[in-house]
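A closer look at the structure
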Amino acid sequence: MSGKAWVIGSGPNGLAAAIVLVQGGVAVDVLEAEPLPGGAVRTLELTLPGFLHDFGSAVYPLGAGSPFFSSLPLANHGLNWIHSPAPLAHPLDDGTAVVLERDLDETKKSLGVDGAAWDKLMRPFVEGWSVLAPEILRPVSFFPRHPFLMARFGIAGLSSARTLARRFRGERTRALFAGLAAHSFLSMDEPLSAAFGLLMAISAHAVGWPIPRGGAQSLTNALCGCLRTLECKVKTSSPVHDVADLGNYDLVLCDVTPRQLVNIAGKRLSESYKRQLGRYRYGPGVFKVDYALSAPIPWRAVDCLRAATVHLGGSFDEIAASEQAVRSGEHADPPFVLLAQPSLFDSSRAPVGKHTAWAYCHVPNGSKVDMLAKLEQQIERFAPGFRDCILARRVFSPSDLESMDANLVGGDIGGGVMDIRQFLFRPTRSHYATSAKDIYICSSSTPPGGGVHGMCGYHAAKTALSRWNARLQS
Ligand SMILES: Cc1cc2nc3c(=O)[nH]c(=O)nc-3n(C[C@H](O)[C@H](O)[C@H](O)COP(=O)(O)OP(=O)(O)OC[C@H]3O[C@@H](n4cnc5c(N)ncnc54)[C@H](O)[C@@H]3O)c2cc1C
């Protein structure tokens, strides 16, 4: 095949789509609105000189576990994953922390009365990760290639996090699971919230929750490096306002969300398809803070220093109340806070002896409420004296995030709510295909959804290539 394609947007899904298209024999140009490629996978000096902060994503279980990324020579292009000794710590008010160890046997031991239940639930999926990941990271199939494993995952995952957590007797394990399930942005009582908890835990054991040496940008640079060897370049500072301005092409793949797709390609889309896109729902937003610190965070539970990611929310019920508030359009008090401390494990992130931290909490979409005091109170609760370590901070409201990456609509970092309806029909029944035969959508608003794995771009490009090929044959 030979043809010409444009990819609009250089997030991980845009870059993945571009690589698949070039591998499929199509000449591709990638157009990126921002001055630096990567979308929510960028690293910038956001506070003081010498402090490198991840603007968006920071920790990459699905990046390391992505079937497509794993097929690329990313290490040859400078990507080096760093694993903290433990993937995750979850401190509690008694001054201790529940630690999710990468090793399943270690976790089984550390979870005490719940160790056996945790092991029984997770082990089949951890051991089956290499076949589970490709099944999960694609559109739902009613005829999966591994029906027994998928049925087992479906039965556990389709329930609510609260239902699944009933398998655990101890409050510590229930709290740990709530923090994992809260990545869903769903209430702990909604179907599917358990699936996120499961996926986060399984990936921690199967592939770890690594950070890239040098920051998120190293992953983007490695993807761009792969593209360069395929003679494809990313043109930055090149926002696309209308696909009609692109000139001749055979295919356009849009790493944008439905609202933007209507803006840039509306004239090419049918009224009925635009109505479907109009019904697409965005999820809650995030309120994010990046810190330059004079010292490591003074955790009461020293175990927190072993993990790059720390979940701050206390008990299951407390996290459930926080997430329920956000899902109902309110501001949580106290909020559940997700924190990453990469410089503890990657000295390239800050000047010698200094540190960085990245923290966010969930807020209603488009919220204008300043959550800084509440977010820092939650960190202080588990690390008294944290505020004394702050050299500088950079606060991002949902609209600040959107101003630096147009896909973060109202601060939604997942490209749209992931409830049952949008899990099945994302963004519509036809997934990547639009009503225009040469235009496709490939962002996290398509299956399998948010997270840095590139699988939305991969499947969108495969779909576009096979349909284009079929058209050429006919
Ligand atoms: C604060 C935050 C924390 C996160 N934490 C994690 C994490 O730790 N781990 C994880 O796996 N995921 C995390 N995520 C989610 C993850 O980053 C996203 O799901 C992922 O980046 C989505 O990739 P994408 O390619 O679909 O979109 P994006 O990464 O958003 O990229 C879209 C790109 O398209 C460009 N674009 C948009 N419109 C146009 C246009 N008209 N013309 C040209 N270019 C355009 C944008 O500028 C952007 O570069 C986080 C996200 C955020 C914001």
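In this report, the structure presented in the accompanying data block is examined. (Residues numbered from 1 in each chain as written. Predicted model: local features only at pLDDT ≥ 70, side-chain atom pairs only at ≥ 80, totals over all residues. Heavy atoms only, no water.)

Section: the sheet that holds strand E14 (residues 355-363)
What counts, and what does not: We call two strands paired when DSSP finds no fewer than two bridges between them. Every helix listed is a DSSP run of H or I at least four residues long, and every strand listed is a run of E at least two residues long, numbered separately from the N terminus. Working convention: axes come from line fits to C-alpha atoms, limited for helices to the stretch in contact. Angles between N-to-C directions cover 0 to 180 degrees.
The sheet built from 7 strands is open, its strands ordered E7-E6-E12-E13-E14-E11-E15 with mixed pairing. If you trace the sheet from one side to the other, it starts and ends with strand E7 (97-100) and strand E15 (390-396), each paired once. Here the average twist between neighbouring strands, direction ignored, is 20°. Here strand E13 (residues 337-340) pairs with E14 via 4 bridges, running antiparallel.

Things to note about the environment of phenylalanine 287
Where we set the bar: Only protein chains enter the accessibility calculation, which uses a 1.4 Å probe; a residue whose area is less than 20% of its type maximum is buried, one above 50% is exposed, and one in between is partly exposed. In what follows, residue pairs with any heavy atoms lying within 4.5 Å of each other are defined as contacts.
One can find phenylalanine 287 in strand E11 (residues 285-293). We classify phenylalanine 287 as buried; its relative accessible area is 2%. In sequence terms phenylalanine 287 and leucine 137 are 150 residues apart; their C-alpha atoms lie 27 Å from each other. Residues within four places of phenylalanine 287 in sequence aside, it is in contact with Ala359, Tyr360, Cys361, Val363, Val369, Asp370, Met371, Leu372, Leu375, Val395, Phe396 and Ser397.

Some points on a nonpolar patch on the surface
Filter applied, for reference: Patches here: salt-bridge-free residues with over 30% relative accessible area, like charges joined within 9 Å, nonpolar side chains (Val, Leu, Ile, Met, Phe, Trp, Tyr) joined within 5 Å. The Shrake-Rupley method, run with a 1.4 Å probe sphere, supplies the accessible areas, and residue values consider only the shown protein chains as cover. We count a salt bridge whenever a side-chain nitrogen from Lys or Arg sits within 4 Å of a carboxyl oxygen from Asp or Glu.
A cluster of nonpolar side chains, contributed by Val140, Phe142 and Phe143, occupies part of the molecular surface with about 400 Å² of accessible area. Note on phenylalanine 143: relative accessible area 75%, which makes it exposed.

Details of the pattern of salt bridges
Following the criterion strictly, the structure yields 25 salt bridges and no others. Between arginine 162 and aspartate 189 there is a salt bridge, with its nearest N and O atoms 2.5 Å apart. Separated by 27 residues along the polypeptide, arginine 162 in helix H8 (residues 161-165) and aspartate 189 in the loop between helix H9 (171-181) and helix H10 (193-206) bring together distant segments of the chain. It is possible to trace a salt-bridge network through shared partners that takes in Asp105, Asp119, Arg123 and Glu127.

Points about the site of the ligand
Our working rule: A molecule or strand has a residue near it when one of that residue's heavy atoms lies within 4 Å. Side-chain atoms alone can form a polar contact between residues adjacent in sequence; in general such a contact is a pair of N or O atoms within 3.5 Å, and within protein one must be able to donate a hydrogen while the other accepts it.
Around the ligand, the structure places 37 residues, and the nearest of them are Glu32, Val59, Asp255, Asp405 and Gly451. Contact between the ligand and alanine 58: an oxygen atom at 3.2 Å from a main-chain N or O atom of the residue. Between the ligand and the protein, one listed contact pairs a nitrogen atom with a side-chain N or O atom of glutamine 260 at 3.5 Å. Contact with the protein chains covers 94% of the free accessible surface of the ligand, which is 1,000 Å². Of all the secondary-structure elements, those providing two or more residues to the shell around the ligand are helix H1 (12-23) and E14.

What to know about the environment of cysteine 224
You can see cysteine 224 is positioned in helix H11 (residues 216-229). On the accessibility criterion, cysteine 224 (8% relative accessible area) is buried. Considered as a pair, cysteine 224 and glutamate 318 are 94 residues apart in the sequence and their alpha carbons are 42 Å apart. When near neighbours in sequence (up to four residues on either side) are disregarded, cysteine 224 contacts Leu15, Pro37 and Val234.

Notes on helix H14 (residues 316-327)
Filter applied, for reference: One less than the residue count of a helix, multiplied by 1.5 Å, gives the span that helix is expected to have.
Under the 1.5 Å per step criterion, the end-to-end length of H14 is 16 Å for 12 residues, consistent within 8% with the ideal 16 Å. Listing the buried residues of H14 in full gives Phe316, Ile319, Ala320, Ser322, Glu323, Ala325 and Val326. In this structure, the buried residues of H14 make contact with strand E6 (86-91), H8, H9 and E14. Following H14 by one or two positions, glycine 329 adopts a phi angle in the positive range, close to 85°.

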